[in-house]
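So the chains spell out like this:
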Amino acid sequence: QKGGFKHFMLKEISEEDEALANTIYAHIQSDKIELDIDEDLLRNIKKITIVACGTSYYAGLTSKYFFEDLLSIPVSVEIASEFRYSKPIFSDNNIFIAISQSGETADTKESLNLAKALGIKTISIVNVQESTIARLSDYVLYTLAGPEISVASTKAFVCQLAMLYLLALKIAQLKGIDVEDYIKELNSIPPILKSEFNHINSEVEKIAKKYSHVKNFIYLGRGLSYPLGLEGALKLKEISYIHAEGYPAGELKHGPIALIDKSTPTFVIAPGIEPFYSKTISNANEVKARDGKIILLSEKYSYIADDFIESPKVSYFFSAFINIVPLQLFAYHIANILGNDVDQPRNLAKSVTVE
Ligand code: F6R
């Protein structure tokens, strides 16, 4: 069942190229994005509200950068347990998107009901067919990640992100924006993940061995690498039980830098794009100056790295699909080294149907 892997989590991370390929290729027909959503609705969108919990929330947060850059439409991304008790302000041509792997998360479901009660058109991005959230929404986009058994969500994240990118690209096409290069690059991601997986996995495992004794971890990134850092920190907390926090790199000096010492390492996610790369490296330097160890994830090496994970070169918006993999693998290997029950971490359930 685990296909030769020790845990479902590792198997599911290794399946990300295939899960992503299934999700992407099912919706692209000769350079046209095909989604089963009313085109007039998409063409006229003025604002998008995305609501989800946990890893699904971070997929939404990561996609915001792409949506806003490509479409110049405001995107707000909200945590479902907060949104459902809020008084959201919607106007004409606003849409609501719920993201949920299981399609059963109570707070996400109630947020969807709230949006519906306010008369807003709803789209859900779910992985489990015929789930409650899928049935309740006006339109459903299924991620084709296949069943996710490990409690910690991995392959669902990349598929949710792909689905959000496909939606952004579809809206762009309807607005007459040329997205040919983006579609080409999206198509190119699954083969890159496939060919790089073994190498990245063994590199990350080596590094994880050096850090498995650590009690506190900081994750830093700018732009879309910031929510990726939040997701990396969540993965580490969930399965290794190590305290980890993600911050926008520029926030470091506004407080979190007080945490840095030689026993608190920092995982820095820094795609090569300027000005993000130089600014992030300069934040990493501040960590280094306080004896903090640096794990650098980038396609561009810097001397500040105590450990360097070289990521394959892709353009900025697509770096999220690539850089999430070492973050997931890092949490996996640390949890495995610590002898934890990786697939069934303590206190957690796969589907959270209570609020
Ligand atoms: C993290 C994790 C949780 C879920 C969250 C939402 O690894 O599994 O944070 O992402 O409970 O679940 P879904 O996507 O099923 O609504």
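Residues numbered from 1 in each chain as written. Predicted model: local features only at pLDDT ≥ 70, side-chain atom pairs only at ≥ 80, totals over all residues. Heavy atoms only, no water.

### Overview of the layout of surface pockets
- Approximately 550 Å³ is the volume found for the largest pocket.
- If you trace the largest pocket, you find 24 residues lining it, with Cys 53, Gly 54, Thr 55, Lys 350 and Val 352 closest to the centre.
- Looking at the lining of the largest pocket, the elements with two or more residues in it are α4 (54-71), β5 (94-100), α6 (106-117) and α10 (225-240). (1 Å grid on protein atoms, 1.4 Å probe; cavity = no way out; pocket = protein on both sides within 12 Å on 5 of 7 lines; lining within 4 Å. Points joined across faces, edges and corners; volume = space filled by probe spheres on them. Helix = DSSP H or I, 4+ residues; strand = E, 2+ residues; numbered from the N terminus.)

### Remarks on a negative patch on the surface
- Together, Asp 31, Asp 178, Glu 180 and Asp 181 make up a region of like negative charge exposed at the surface.
- Position of Glu 180 among the secondary structure elements: in helix α9 (residues 180-211).
- Judged by its relative accessible area of 40%, Glu 180 is partly exposed. (Patch = residues over 30% accessible without salt bridge, like charges linked within 9 Å, V, L, I, M, F, W, Y side chains within 5 Å. Areas by Shrake-Rupley, 256 points an atom, 1.4 Å probe, with all protein chains shown as cover. Salt bridge = Lys/Arg side-chain N within 4 Å of Asp/Glu carboxyl O. Lys, Arg positive; Asp, Glu negative; His and termini not counted. Charge placed at Lys NZ, Arg CZ, Asp CG, Glu CD. Buried < 20%, exposed > 50% of the residue type's maximum accessible area, 1.4 Å probe, protein only.)

### Structural notes on the environment of Ala 152
- Here Ala 152 is to be found in the loop between β7 (139-142) and α8 (155-174).
- Along the sequence, Ala 152 and Ala 305 sit 153 residues apart, while their C-alpha atoms lie 28 Å from each other.
- Beyond its immediate sequence surroundings of up to four residues, Ala 152 is in contact with Met 9, Lys 235, Glu 238, Ile 239 and Lys 350. (Contact = heavy atoms within 4.5 Å.)

### Points about the packing of helix α2 (residues 16-25) against α8
- Where α2 contacts α8, the two axes come as close as 9 Å, and the packing angle between them is 25°. Overall, the two elements α2 and α8 adopt an arrangement that is roughly parallel. Considering the relative orientation of α2 and α8, their crossing is right-handed. Across from Glu 16, Ala 19, Leu 20, Thr 23 and Ile 24 in α2, the residues of α8 making contact are Lys 155, Val 158, Cys 159, Ala 162, Met 163 and Leu 166.
- Considering only residue class, the contact of α2 with α8 consists of eight nonpolar, one polar and two charged. (Axes fitted to C-alpha atoms, helices over the stretch in contact; angles between N-to-C directions. Parallel < 35°, antiparallel > 145°, perpendicular 65-115°, else oblique. Left-handed = near helix turned anticlockwise from the far one by under 90°. Nonpolar A, V, L, I, M, F, W, Y, C, P; charged D, E, K, R; others polar.)

### What about α4?
- Between its first and last C-alpha atoms α4 spans 26 Å; for 18 residues at 1.5 Å apiece the expected length is 26 Å, and the two agree.
- The largest bend in α4 comes to about 30°, at Ser 63.
- Burial runs high along α4: 13 of the 18 residues are buried.
- Ser 72, located one to two residues past α4, shows a positive phi value of around 50°. (Expected span 1.5 Å × (residues − 1). Bend = angle between axes of the 7 residues up to and from the residue.)

### What about the site of the ligand?
- As a structural note, the neighbourhood of the ligand is formed by 13 residues, with Ser 56, Ser 100, Gln 101, Ser 102 and Thr 105 the closest of them.
- At 3.1 Å from an oxygen atom of the ligand is found a main-chain nitrogen or oxygen belonging to Thr 55.
- When the ligand is considered free in solution it has 410 Å² of accessible area, and contact with the protein chains removes 89% of it.
- Judged by the fraction of its atoms near the pocket grid, the ligand is located in the largest pocket.
- Among the elements of the structure, α4 and α10 are those that each provide at least two residues to the shell around the ligand.
- The residue makeup of the shell around the ligand, split by class, is three nonpolar, eight polar and two charged. (Near = heavy atom within 4 Å. Polar contact = N/O pair within 3.5 Å; in protein donor to acceptor, adjacent residues only side chain to side chain. Sits in = over half its atoms within 2 Å of the grid points.)

### What about helix α11 (residues 276-288)?
- The first and last C-alpha atoms of α11 sit 18 Å apart over 13 residues, in line with the 18 Å expected at 1.5 Å per residue.
- Looking only at α11, the buried set comprises Tyr 277, Thr 280, Ile 281, Asn 283, Ala 284, Glu 286 and Val 287.
- Lining the buried residues of α11 we find β8 (216-221), β10 (266-269) and β11 (294-298).

### What to know about the confidence of the model for the chain
- Overall, the prediction assigns the chain a mean pLDDT of 96, with 100% of residues at 70 or greater.
- The ipTM for the predicted assembly is 0.99, set against a pTM of 0.97. (pLDDT = per-residue confidence, 0-100.)

### A few points about the pattern of salt bridges
- Under the criterion given, the structure shown has 16 salt bridges.
- Between Lys 11 and Glu 15 there is a salt bridge whose closest N-O contact spans 2.9 Å.
- Where Glu 203 meets Lys 206, a salt bridge forms, and the shortest distance between an N and an O atom there is 3.1 Å. Taken together, the residues Glu 203 and Lys 206, both in helix α9 and three residues apart, mark about one turn of the helix.
- Three or more residues joined by partner-sharing salt bridges are found here, namely Lys 11, Glu 15 and Lys 155.

### Re unusual backbone geometry
- Cis geometry marks the peptide bond from Glu 274 to Pro 275, where omega comes out at 5°.
- With respect to the helices, strands and loops of the structure, Pro 275 is situated in the loop between β10 and α11.
- In this structure, Ser 30 takes a positive phi of about 30° despite not being glycine.
- On the secondary structure map, Ser 30 appears in the loop between β1 (28-29) and β2 (32-33).
- A positive phi angle is found at Tyr 241, which is not glycine, with a value near 65°.
- Mapped onto the elements of the fold, Tyr 241 is located in the loop between α10 and β9 (243-248).

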